[in-house]
Amino acid sequence: MKLIHTIADLRAATAAAPAAPVFVPTMGNLHEGHLALIRRARELAGDSGSPVVASVFVNRLQFGPNEDFDTYPRTLERDAELLKGAGCDILFAPSEAELYPEPQGYKVVPPAELADILEGAFRPGFFTGVCTVVHKLFNLVQPRAAVFGKKDYQQLMVIRNMVRQMGLPIEIVGGETLRAEDGLALSSRNGYLSADERAEAVQLSAALRTVQAAVAEARGAGRLDGTAVMALEDAAMASLRTRGWAPDYVLVRRQRDLLPATDAELVAGEPLVCLTAAKLGKTRLIDNLEL
Ligand code: PAF
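Residues numbered from 1 in each chain as written. Predicted model: local features only at pLDDT ≥ 70, side-chain atom pairs only at ≥ 80, totals over all residues. Heavy atoms only, no water.

## Things to note about the pairing of strand 5 (residues 145-149)
Step number 1: In terms of burial, strand 5 is a largely internal element, 5 of the 5 residues being buried.
Step number 2: Both strand 2 (residues 22-26) and strand 5 contribute to a ladder of 2 bridges, which runs parallel. Of the residues in strand 5, the one forming a bridge with Val22 is Ala145.
Step number 3: Relative to strand 6 (residues 171-175), strand 5 is paired through 5 bridges, and the arrangement is parallel. Within strand 6, the position partnered with Val147 by the bridge is Val173.
Step number 4: Crossover handedness for the path strand 5 to helix 8 (residues 153-166) to strand 6: right-handed. (Buried < 20%, exposed > 50% of the residue type's maximum accessible area, 1.4 Å probe, protein only. Helix = DSSP H or I, 4+ residues; strand = E, 2+ residues; numbered from the N terminus. Pairing = 2+ DSSP bridges. Right-handed = clockwise from strand over helix to strand, strands pointing away.)

As structure tokens, this is what we get:
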């Protein structure tokens, strides 16, 4: 695996490859969930000659002023070892000065109806930061396909939308969420949890499964409507609060655009997803489950 820090070296390495790359952008501090995305990229590359390119870059633009940009773990040496083992060919790990040599005045601003809801409502500017860096990385890596985890469900949707509207010739592939044995979705931020919090953290995915079961039951009985959905969302929020969590949202939305389903759609079996974000102590976790 080649470890590359500059745009010039990245361009030289991708130009020398027989086919356009398959790309996995990350912020590093990698875990099995990321490595599964690399393996997926390896599969997509097949024997086409496409190199698997990963990036590790902690993107200041997507962090709010009170978020964890400064403390976000930077573990490049370990990340490089893990990526090598998972079948990555090129690791692009630019410095901030390399990727943002001047203040990034041009930004990619996603539409409010997609980017100002759910995560965007609680992290203003987050998806502008994500789209700006991902668009820039796409320009630099020029991949034919890119893999994003479904754990960041809304991010995956925003990126798909950006690629479609901007006419970028890149296939966007969603990678399944990997979970610990007790159900906790793997995340770099799990490392912030104390032992007690780690034991409690399982309750977030448990809350999603409770909603999933209740939606299935109400659907089966033909009584799933907007009021029933809201009652399930409220019950999940209340239950998390009782356990000491500070939930930002538990919402059941349409998979296709993350907006609420109409009563008619709920009855007709519209594909749904339950999304949640909640703080446990100082750590904010997100998760989702397709229903
Ligand atoms: O999902 C992430 O780790 C980041 O949002 C991404 C896509 C690498 C952009 O910085």
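## Structural notes on the site of the ligand
Step number 1: Taken together, the residues surrounding the ligand are Pro25, Thr26, Met27, Asn59, Gln62, Val130, Val133, Val134, Phe148 and Gln155.
Step number 2: Note that an oxygen atom of the ligand is positioned 2.7 Å from one of the side-chain N or O atoms of Gln62.
Step number 3: Burial of the ligand by the protein amounts to 89% of the accessible area it has alone, namely 290 Å².
Step number 4: With 3 residues, helix 7 (residues 126-141) is the single largest residue contributor to the shell around the ligand.
Step number 5: Grouping the amino acids of the shell around the ligand by side-chain chemistry returns 6 nonpolar, 4 polar and no charged. (Near = heavy atom within 4 Å. Polar contact = N/O pair within 3.5 Å; in protein donor to acceptor, adjacent residues only side chain to side chain. Areas by Shrake-Rupley, 256 points an atom, 1.4 Å probe, with all protein chains shown as cover. Nonpolar A, V, L, I, M, F, W, Y, C, P; charged D, E, K, R; others polar.)

## Topic: the pairing of strand 9 (residues 283-290)
If a strand is regular, its side chains alternate between the two faces of the sheet.
Step number 1: Of all 8 residues in strand 9, 7 are buried, a share of seventy percent or more.
Step number 2: Examined bridge by bridge, strand 8 (residues 272-280) and strand 9 share 8 bridges and lie antiparallel to one another. Looking at the pairing, Val273 lines up with Glu290 of strand 9.
Step number 3: Hairpin remark: strand 8 followed by strand 9, antiparallel, with 2 residues in the connecting loop; positive phi at Gly281, about 60 degrees.

## Some details on the side chain of Glu200
Step number 1: Inspection of the secondary structure puts Glu200 in helix 9 (residues 195-220).
Step number 2: Not counting residues up to four positions away in its chain, the partners in contact with Glu200 are Arg243, Trp245 and Leu280. (Contact = heavy atoms within 4.5 Å.)

## Observations regarding helix 10 (residues 226-242)
Step number 1: With 17 residues, helix 10 should reach 24 Å at 1.5 Å per residue; the first-to-last C-alpha distance of 24 Å fits that figure.
Step number 2: Within the sequence span of helix 10, burial applies to Val229, Glu233, Ala236, Met237 and Leu240. Each buried residue of helix 10 sits inside an arc of 95 degrees when the element is viewed along its axis, so together they form one side. Among the exposed residues of helix 10, those pointing more than 90 degrees away from its buried face are Thr227 and Thr242. (Expected span 1.5 Å × (residues − 1). Arc of directions from axis to C-beta.)

## Description of the nonpolar core
Step number 1: Of all hydrophobic cores here, the largest spans 44 residues; its most connected members are Phe138, Ile159 and Ile172.
Step number 2: Mapped by element, the contributors of at least two residues to this core are helix 1 (7-16), strand 4 (90-92), helix 5 (112-115), helix 7, strand 5, helix 8 and strand 8.
Step number 3: Setting aside its immediate chain neighbours within four residues, Phe138 contacts Phe23, Pro143, Ala146, Phe148, Ile159, Met162, Val163, Leu168, Ile170 and Ile172.
Step number 4: Among the nonpolar cores identified, the runner-up in size contains 25 residues, and Leu193, Ala201, Val215 and Leu266 belong to it. (Core = buried A, V, L, I, M, F, W, Y, C linked by side-chain atoms within 4.5 Å.)

## As for the pattern of salt bridges
Step number 1: Enumeration over the complete set of coordinates arrives at 18 salt bridges.
Step number 2: Ionic pairing is found between Asp257 and Arg254, a salt bridge with its closest N-O pair at 2.6 Å.
Step number 3: Measuring nitrogen to oxygen at the nearest pair gives 2.8 Å for the salt bridge that ties Glu265 to Arg256.
Step number 4: Among the residues examined, Glu265 registers a relative accessible area of 17% and is labelled buried.
Step number 5: Residue Arg256 is classed as partly exposed on the basis of its relative accessible area of 48%.
Step number 6: Several salt bridges converge on common partners, so that one network encompasses Arg254, Arg256, Asp257, Glu265 and Glu270. (Salt bridge = Lys/Arg side-chain N within 4 Å of Asp/Glu carboxyl O.)

## Notes on the environment of Ala238
Step number 1: Among the secondary structure elements, Ala238 is positioned in helix 10.
Step number 2: Residue Ala238 is classed as partly exposed on the basis of its relative accessible area, which comes to 37%.
Step number 3: Taking the C-alpha atoms as reference points, Ala238 and Arg60, 178 residues apart in sequence, are found 33 Å from one another.

## Notes on the environment of Ala268
Step number 1: Looking at the secondary structure, you find Ala268 in helix 11 (residues 263-268).
Step number 2: Taking C-alpha positions, Ala268 is 19 Å from Leu232, a pair spaced 36 residues apart along the chain.

## Details of the packing of helix 9 against helix 10
Any two packed helices are characterised by how steeply their axes cross, that is the angle between the axes, and by the distance between the axes.
Step number 1: Contact geometry for helix 9 and helix 10: axes closest at 10 Å, N-to-C directions at 155 degrees. Comparing the axis directions of helix 9 and helix 10 gives the class roughly antiparallel. For the crossing formed where helix 9 meets helix 10, the hand is right-handed. Of helix 10, the residues touching helix 9 (which contributes Gln203, Leu204, Ala207, Val211, Ala214 and Val215) are Leu232, Ala236 and Leu240.
Step number 2: Taken together, the residues that form the contact of helix 9 with helix 10 break down as 8 nonpolar, 1 polar and no charged. (Axes fitted to C-alpha atoms, helices over the stretch in contact; angles between N-to-C directions. Parallel < 35°, antiparallel > 145°, perpendicular 65-115°, else oblique. Left-handed = near helix turned anticlockwise from the far one by under 90°.)

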